[in-house]
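One-letter residues, chain by chain:
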Number of protein chains: 2
Amino acid sequence: MSDSHFDTVAIVGIGLIGSSLARAVARGKLVGRIVIADRDVAALAEAERLGLGQAYESDVADAVKDADLVVLCVPVGAMEAIGKAMAPTLKPGAIVSDVGSVKASVLKALSATLPAHAHIIPGHPVAGTEKSGPGAGFASLFDGRWCILTPPEGGDAAAVAKLKGFWAAIGAEVEMMDAAHHDLVLAITSHVPHLIAYNIVGTASDLETVTDSEVIKYSAGGFRDFTRIAASDPTMWRDVFLNNKEAVLEMLGRFTEDLTALQRAIRWGDGDALFELFTRTREIRRRIIDAGQDSAAPDFGRPHEE
Amino acid sequence: MSDSHFDTVAIVGIGLIGSSLARAVARGKLVGRIVIADRDVAALAEAERLGLGQAYESDVADAVKDADLVVLCVPVGAMEAIGKAMAPTLKPGAIVSDVGSVKASVLKALSATLPAHAHIIPGHPVAGTEKSGPGAGFASLFDGRWCILTPPEGGDAAAVAKLKGFWAAIGAEVEMMDAAHHDLVLAITSHVPHLIAYNIVGTASDLETVTDSEVIKYSAGGFRDFTRIAASDPTMWRDVFLNNKEAVLEMLGRFTEDLTALQRAIRWGDGDALFELFTRTREIRRRIIDAGQDSAAPDFGRPHEE
């Protein structure tokens, strides 16, 4: 069980991440057969038109019955229902993983619903774009990106090694982490950033003194950077906040505390405090670029005519 | 005075914006002569090496003496000192403008220090990148971007028309606005976004439970989008907050109020409130793309291998 080959993989949910996974797996010829499941018949039909798999099922119980690996690519709030639906037909010894942005709640939902013979290994490839749907995926989405696996304590080592090999074969860098720590790390690197992006876009569109047209027209001043992630899938993100409540509230509390201190510095004209922070934050950007986690091109490399 | 040609333009401050302006003016052959001034001798030497102008002065009084147009490309906190320094040698009838991100305080500082014969017309091209210095500029920075002019009431109409023509010849779209309204609009589209970007980068780097290395490693989850503008010039941004205090505090108050409501929705599990906001914000993104104010490419068009 140590190599990374699976005979049959079921990808449940064929949105941006599911369809990118299907493409990446096909590109690498990593599995014998891909079964694609989605209860949304339009998405399933589009997946079929795009030729993303070898079989297409609207019923998850049918989709998983021959699968050695099931990857759930659905909003984290749907895990419990899907776990229940697939439990009766899941093959003994199958690995069940996912790509959700929250890990402790997924582990809990799947552990509560799947049979004891299943190897539950939650996962989270830290990759994506603001686009949604089967047509938005692309095979290179995970290339060089981190994929975090959060196996439960006492989980089957061979199954973990096999899933790790699978993601490495896709092109991702694999990291192992405790589910609770994952949820804390992602709260600050992903969940709170999304929340404040959604929030400022909401605040801007609710103003009476500045029109929406003005907000849009002058968004190049900085605002537009926030609108990208505020265009992400609403169902997915609603579920993230509902399922990572404690860590998000903890990080949000710190963010607000720091923002209140900045507000006070502005009110009292404390330029040194502002300058000190604004200098320190440059260094983090530099390290992100050095680590290959973002483009060094000005403006993210947005097109400028030269 | 209605055409857009100036015999001599003095560009005071040769950072990202000043050097882009020099390049754009040269590209369009829009003026007879460009005089570049900067009190930073290293920046001035780099400007000369790059051939950005026809003359280079470290003393602003010398730089402006033949200029028909002076464009101040310095942090807004420096306007008063520069106004004082150039007042004695400013040519009668010269137009004095700037590129600062705050307008009411600039109008006030220049009106208080420049002679009555000067035509003071503050301006703000809404364009830039997170890079700084003479080498970071490029000629197309203002192409198709908005440039807001905020002439004082009763200002000389011919001078305003001439400056408007100048920016249009550069390639910008010119909009006229009251200085106070400008400061309110930019507080929400630029200043508060920068503040919360700086703030979250600071919050993330101060955590004890999540290391800086983890923050950097998993920044692709959303955080990295914030680090770009949090890498902007610290002096410029300190001055923006100190000089647009009222509008920033007003917009920040609304942002915090809305964020507190979202926090409450998360705490009480109000998924509908989250979903409603997350759906509404997508529409703003769509309108920004439709208005040509951002790229529609996923991830801002960051490079992905296909």
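Cut-offs applied
Residues numbered from 1 in each chain as written. Chains lettered and ligands numbered in written order. Predicted model: local features only at pLDDT ≥ 70, side-chain atom pairs only at ≥ 80, totals over all residues. Heavy atoms only, no water. Helix = DSSP H or I, 4+ residues; strand = E, 2+ residues; numbered from the N terminus. Rg over C-alpha atoms; globule rule 2.2 N^0.38 Å. Areas by Shrake-Rupley, 256 points an atom, 1.4 Å probe, with all protein chains shown as cover. Lys, Arg positive; Asp, Glu negative; His and termini not counted. Charge placed at Lys NZ, Arg CZ, Asp CG, Glu CD. Contact = heavy atoms within 4.5 Å. Buried area = accessible area lost by both parts, 1.4 Å probe. Salt bridge = Lys/Arg side-chain N within 4 Å of Asp/Glu carboxyl O. Polar contact = N/O pair within 3.5 Å; in protein donor to acceptor, adjacent residues only side chain to side chain. Nonpolar A, V, L, I, M, F, W, Y, C, P; charged D, E, K, R; others polar. Phe/Tyr/Trp six-rings, centres within 6.5 Å; stacked < 30°, edge-to-face > 60°. Buried < 20%, exposed > 50% of the residue type's maximum accessible area, 1.4 Å probe, protein only. Lys NZ or Arg CZ within 6 Å of the ring centre and 35° of its normal. Pairing = 2+ DSSP bridges. Axes fitted to C-alpha atoms, helices over the stretch in contact; angles between N-to-C directions. Right-handed = clockwise from strand over helix to strand, strands pointing away. Least-squares fit on C-alpha atoms with pLDDT ≥ 70 in both. Domains from an automatic or database assignment. Core = buried A, V, L, I, M, F, W, Y, C linked by side-chain atoms within 4.5 Å.

> Please clarify how the overall build of chain A should be interpreted in this entry.
The number of helices and strands found in chain A is twelve helices and nine strands. Relative to the compact-globule value of 19 Å for 306 residues, chain A shows a C-alpha radius of gyration of 21 Å, a close match. In terms of principal-axis extent, the alpha carbons of chain A reach across some 65 × 40 × 35 Å. Approximately 11200 Å² of chain A is accessible, and the part contributed by carbon and sulfur atoms is 51%. If you average the places of the 29 positive and of the 41 negative side-chain charges in chain A, the two averages end up 1 Å apart.

> Would you mind showing me how to read the interface of chain B and chain A here?
A common way to state how big an interface is: give the accessible area lost once the parts meet. Counting residues at the interface gives 110 residues for chain B, matched by 110 residues for chain A. Carbon and sulfur atoms supply 66% of the area that chain B and chain A bury against each other, a total of about 10600 Å² over both sides. Across the chain B-chain A interface, the total number found is 16 salt bridges. The residue D294 of chain B makes a salt bridge to R302 of chain A at a minimum N-O spacing of 2.6 Å. The tally of links from chain B across to chain A stands at 47 residue pairs in polar contact (both at pLDDT 80 or more). The element that contributes the greatest number of residues to the side of chain B that touches chain A is helix 7 (residues 179-205) of chain B, accounting for 20 residues. Residue composition of the side of chain B that touches chain A, by class: 52 nonpolar, 29 polar and 29 charged.

> When you look at the packing of aromatic side chains in this model, what are you seeing that I'm missing?
The geometry of an aromatic ring pair is captured by two quantities: the separation of the ring centres and the angle between the planes. As enumerated under the stated definition, the model contains 16 aromatic pairs over all chains in all. When the centroid spacing of 3.8 Å and the interplanar angle of 15° are considered together, the rings of Y198 of chain A and F278 of chain B count as stacked. Linking Y198 of chain A in helix 7 (residues 179-205) with F278 of chain B in helix 12 (residues 271-290), this pair reaches from one chain into another. Judged on exposure class, the residue Y198 of chain A and its partner F278 of chain B are both buried. An angle of 0° between the planes, with centres 4.4 Å apart, marks the rings of F300 of chain A and F300 of chain B as stacked. One end of the pair, F300 of chain A, is in the segment after helix 12 (271-290); the other, F300 of chain B, is in the segment after helix 12, on a second chain. Residue F300 of chain B is classed as buried on the basis of its relative accessible area, which comes to 0%. In textbook terms, an aromatic cluster arises when at least three aromatic residues are bridged by ring pairs, as seen for F6, F142, F166 and W167 of chain A. A cation over an aromatic ring shows up here: K162 of chain B above the ring of F6 of chain B, its NZ or CZ 4.4 Å from the ring centre.

> Which parts of the structure should I look at to understand the sheet that holds strand 8 (residues 146-149) of chain B?
Within a sheet, neighbouring strands are paired by backbone hydrogen bonds and run either parallel or antiparallel to one another. All names here are of chain B. Read from one edge of the open sheet, three strands run 7-8-9, paired in mixed fashion. Strands at the two margins of the open sheet, each flanked by one partner only, are strand 7 (123-125) and strand 9 (173-176). Adjacent strand axes in the sheet meet at a mean angle of 20° when their direction is disregarded. In this sheet, strand 9 lies alongside strand 8 in parallel orientation, the contact comprising four bridges. In the strand pairing of strand 9, L149 is matched with M176. Docked against the sheet, helix 6 (residues 157-170) engages strand 7, strand 8 and strand 9, running at close to 150° with respect to strand 9.

> Can you help me understand the pairing of strand 8 of chain B in this one?
Along a regular strand, successive side chains alternate from one face of the sheet to the other. Residue and element names in this part refer to chain B. Burial along strand 8 is two-sided: the face carrying W146 and I148 and the face carrying C147 and L149 are both buried. Sheet topology places strand 7 next to strand 8; three bridges connect them, and they run antiparallel. Pairing of G123 across the sheet is with L149, part of strand 8. Regarding topology, helix 6 serves as the crossover connection from strand 8 to the parallel strand 9, and that connection is right-handed.

> What should I look at first to understand the relation of the copies chain B and chain A in this one?
Note that the two copies of the chain are related through a rotation about an axis and a translation along the same axis. Under the fitted operation, chain B is carried onto chain A by 0.0 Å of movement along the axis and a turn of 180°, and the coordinates agree to an RMSD of 0.0 Å. Given the turn and translation reported, the copies of this chain are related as if by a two-fold rotation axis. Counting the interface residues of chain B, we find that 100% of their copies in chain A are interface residues as well, pointing to one common contact surface.

> I keep staring at the sheet that holds strand 8 (residues 146-149) of chain A and nothing clicks. Help me out?
Residue and element names in this part refer to chain A. Strand order in this open sheet of three strands is 7-8-9, and the pairing throughout is mixed. The open sheet has two edge strands with one neighbour each: strand 7 (123-125) and strand 9 (173-176). The mean angle between the axes of side-by-side strands here comes to 20°, regardless of whether they run parallel or antiparallel.

> Could you clarify how one ought to interpret the domain arrangement of chain A in this entry?
All names here are of chain A. When its domains are assigned, chain A resolves into domain 1 (6-177) and domain 2 (181-269). Averaged C-alpha coordinates put domain 1 and domain 2 at centres separated by 29 Å. Counting from both sides, the interface comprises 16 residues of domain 1 and, opposite them, 16 residues of domain 2. When domain 1 packs against domain 2, the two sides together hide about 1300 Å² of surface, and 64% of this comes from carbon and sulfur. Summed over the shared surface of domain 1 and domain 2, the result is one salt bridge. Residue E130 is joined to R228 by a salt bridge in which the shortest nitrogen-to-oxygen separation is 2.9 Å. The tally of links between domain 1 and domain 2 comes to six residue pairs in polar contact (both at pLDDT 80 or more). When its residues are assigned to classes, the side of domain 1 that touches domain 2 shows seven nonpolar, seven polar and two charged.

> Please clarify how the pattern of salt bridges should be interpreted in this entry.
Oppositely charged side chains can pair when the atoms bearing their charge come close. All names here are of chain A. A complete count under the given rule lists 46 salt bridges over all chains for this structure. A salt bridge links R286 to D290; the nearest nitrogen and oxygen atoms lie 2.4 Å apart. On the criterion of helical spacing, the pair formed by R286 and D290 is a turn pair, its members being four residues apart in helix 12. With relative accessibility at 55%, the residue D290 sits in the exposed group.

> Where do I start with the environment of S4 of chain B in this structure?
All names here are of chain B. Mapped onto the secondary structure, S4 falls in the segment before strand 1 (6-12). Separated by 19 residues in the primary sequence, S4 and R23 have C-alpha atoms spaced 17 Å apart. Discounting chain neighbours no more than four positions away, the residues touching S4 are L30, K162, G165, F166 and A169.

> Help me understand the nonpolar core, please; the structure alone is not making it clear to me.
Side chains of nonpolar character tend, in soluble globular proteins, to be buried together. Grouped together as the largest cluster of nonpolar side chains are 145 residues, with contacts concentrated most on V70, L72 and M86 of chain A together with V70, L72 and M86 of chain B. Among the elements that make up this core, the one with the highest residue count is helix 7 of chain B (13 residues). The residues contacting V70 of chain B, other than those within four sequence positions of it, are A10, V12, V64, M86, L90, I95, V96 and S97 of chain B.

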